[in-house]
Amino acid sequence: MTSSVVTGETLAVRMEDDVVRVRQVTRRRAEELGFRLVDQTKIVTAASELARNTLVHGGGGHVHLSVVQAARPGLKLVFEDHGPGIPDVPRALQDGFTTGNGLGLGLSGSRRLMDEFSIDTQPGAYTRITVVKWL
Amino acid sequence: MDRVPILNLGSCLLVSVQVDLHDRLALALQEDLASEIVRHHARGVLIDISSLDMVDSFIGRVLGNIAAVSRVLAAETVIVGMRPAVAITLVELGVRWEGVRTAISVERGMALLQGQGTPGGKARDVVRRDR
């Protein structure tokens, strides 16, 4: 989809406290953009899941938040790390699949909560997960 | 490290989560509650999450574990005050809280723990999943 970036900011995801900060900043941006409460909650929850993945599975990285403009405005979040990557993306997207000690809902759940979801990964090199929620 | 305060009220423990729960804090609460249940011979645990504007799968799992652990220690857990947007998101995320009892308010939760509510919860006592 063709869209233009209006504003953007990058947050580091290096510690557990950063996950909380990502939630807070995401909430503020979603609120400013005019998302209703349920959608704000879905976006913040997806951001929390993906930030934790970046930290736990990716060994830390960063998230880039931006307001994008297509037919409608949207909030776009790009999580990036230079960890081990995801060897089997379709499998990682199954409910209940986990390599950690979670419920295995981080990726599959985030995909359900957002309007757009894509994974770009190279095993042994990087993982980049892009999600968008349209207003 | 920060801890979530646990209040002892008769045979019950009351926890009101007032801060943004990071993962370590949620796990610390799980451990503290298990110890406090034993120390106070608590029969019930009431966890008020009305201040939480988000419950993700990790926090959801920890809350589910708290309920399971307290049951093993012969205490009943009721989670109260979940916001509607949080409930909707939690269901869509795919978190299943089997065996976790919920109530709309602290008052209703307390009634459940004191046996005034219907075991298993009537529709009006549990968090409804309607959208």
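Up top is the structure.
No experiment lies behind these values; they were computed from the predicted model shown. (Residues numbered from 1 in each chain as written. Chains lettered and ligands numbered in written order. Predicted model: local features only at pLDDT ≥ 70, side-chain atom pairs only at ≥ 80, totals over all residues. Heavy atoms only, no water.)

S.K.: Describe the overall build of chain B, listing the residues and the values that go with them.
M.R.: Of the regular secondary structure elements, chain B holds four helices and five strands. A total of 131 residues make up chain B; the buried ones form 55% of that total. For chain B, long-range pairs separated by at least 24 residues make up 66% of all intrachain contacts whose partners lie at least 6 apart in sequence. Here chain B displays about 6,400 Å² of accessible surface, and carbon together with sulfur accounts for 51% of that area. (Helix = DSSP H or I, 4+ residues; strand = E, 2+ residues; numbered from the N terminus. Buried < 20%, exposed > 50% of the residue type's maximum accessible area, 1.4 Å probe, protein only. Contact = heavy atoms within 4.5 Å. Areas by Shrake-Rupley, 256 points an atom, 1.4 Å probe, with all protein chains shown as cover.)

S.K.: Please give an account of the interface of chain A and chain B that cites residues and values.
M.R.: With 23 residues of chain A in contact, the opposing surface of chain B contributes 21 residues. Taking both sides of the interface into account, the surface hidden between chain A and chain B amounts to around 2,000 Å²; carbon and sulfur atoms contribute 53%. The tally of links between chain A and chain B comes to seven salt bridges. Aspartate 20 of chain B is paired through a salt bridge with arginine 23 of chain A; the nearest N and O atoms lie 3.2 Å apart. On the surface where chain A and chain B come into contact, there are 14 residue pairs in polar contact (both at pLDDT 80 or more). Among the secondary structure elements, those contributing two or more residues to the side of chain A that touches chain B are helix 1 (16-33), helix 2 (37-56) and helix 4 (106-113) of chain A. For the side of chain A that touches chain B, the class distribution of residues is seven nonpolar, eight polar and eight charged. (Buried area = accessible area lost by both parts, 1.4 Å probe. Salt bridge = Lys/Arg side-chain N within 4 Å of Asp/Glu carboxyl O. Polar contact = N/O pair within 3.5 Å; in protein donor to acceptor, adjacent residues only side chain to side chain. Nonpolar A, V, L, I, M, F, W, Y, C, P; charged D, E, K, R; others polar.)

S.K.: Tell me about helix 3 (residues 84-93) of chain B, and please be specific about residues and values.
M.R.: Of all 10 residues in helix 3 of chain B, eight are buried, a share of seventy percent or more. Of all the positions in helix 3 of chain B, only Ala85, Val86, Ala87, Ile88, Thr89, Leu90, Glu92 and Leu93 of chain B are classed as buried. Against helix 2 and helix 4 of chain A together with helix 2 (57-72) of chain B lie the buried residues of helix 3 of chain B. In the segment just after helix 3 of chain B, glycine 94 of chain B is the residue with positive phi, at about 105°.

S.K.: An account of the nonpolar core is requested, with residue identities and associated values reported.
M.R.: Ranked by size, the top nonpolar core spans 65 residues in total, and within it Leu77 and Phe79 of chain A together with Val17, Leu33, Ile47 and Ile49 of chain B carry the most contacts. Per-element accounting of this core gives the leading share, seven residues, to helix 2 of chain A. Excluding residues that lie within four positions of it along the chain, phenylalanine 79 of chain A makes contacts with Val22, Ala47, Leu50, Ala51, Thr54, His62, Val63, Thr127, Arg128, Ile129 and Val131 of chain A. Core analysis: the second largest hydrophobic core is formed by nine residues, Leu46, Val78, Met110 and Leu112 of chain B among them. (Core = buried A, V, L, I, M, F, W, Y, C linked by side-chain atoms within 4.5 Å.)

S.K.: I'd like a description of the environment of glycine 85 of chain A, backed by residues and values.
M.R.: Residue and element names in this part refer to chain A. Mapped onto the fold, glycine 85 is located in the loop between strand 3 (73-81) and helix 3 (89-92). On the basis of relative accessibility, which here comes to 15%, the residue glycine 85 falls in the buried class. In this structure the C-alpha to C-alpha distance between glycine 85 and glutamine 122, which are 37 residues apart in sequence, comes to 5.5 Å. Leave out the neighbours within four places in its chain, and glycine 85 touches Thr121, Gln122, Pro123, Gly124, Tyr126 and Thr127.

S.K.: So what about unusual backbone geometry? Which residues, and what values?
M.R.: Residues and elements named next belong to chain B. Positive phi values are uncommon outside glycine, yet histidine 41 reaches one of about 50°. Inspection of the secondary structure puts histidine 41 in the loop between helix 1 (23-40) and strand 3 (44-48). Phi angles above zero are rare outside glycine, and alanine 74 is one such case at about 65°. Mapped onto the fold, alanine 74 is located in the loop between helix 2 and strand 4 (76-80).

S.K.: I'd like to hear about the side chain of serine 110 of chain A, residue by residue, with values.
M.R.: Inspection of the secondary structure assignment puts serine 110 of chain A in helix 4. Residue classification places serine 110 of chain A among the buried positions, given a relative accessible area of 0%. Discounting residues that sit within four places of it in the chain, serine 110 of chain A has contacts with Ala46, Glu49, Leu50, Leu105 and Phe117 of chain A together with Leu93 of chain B.

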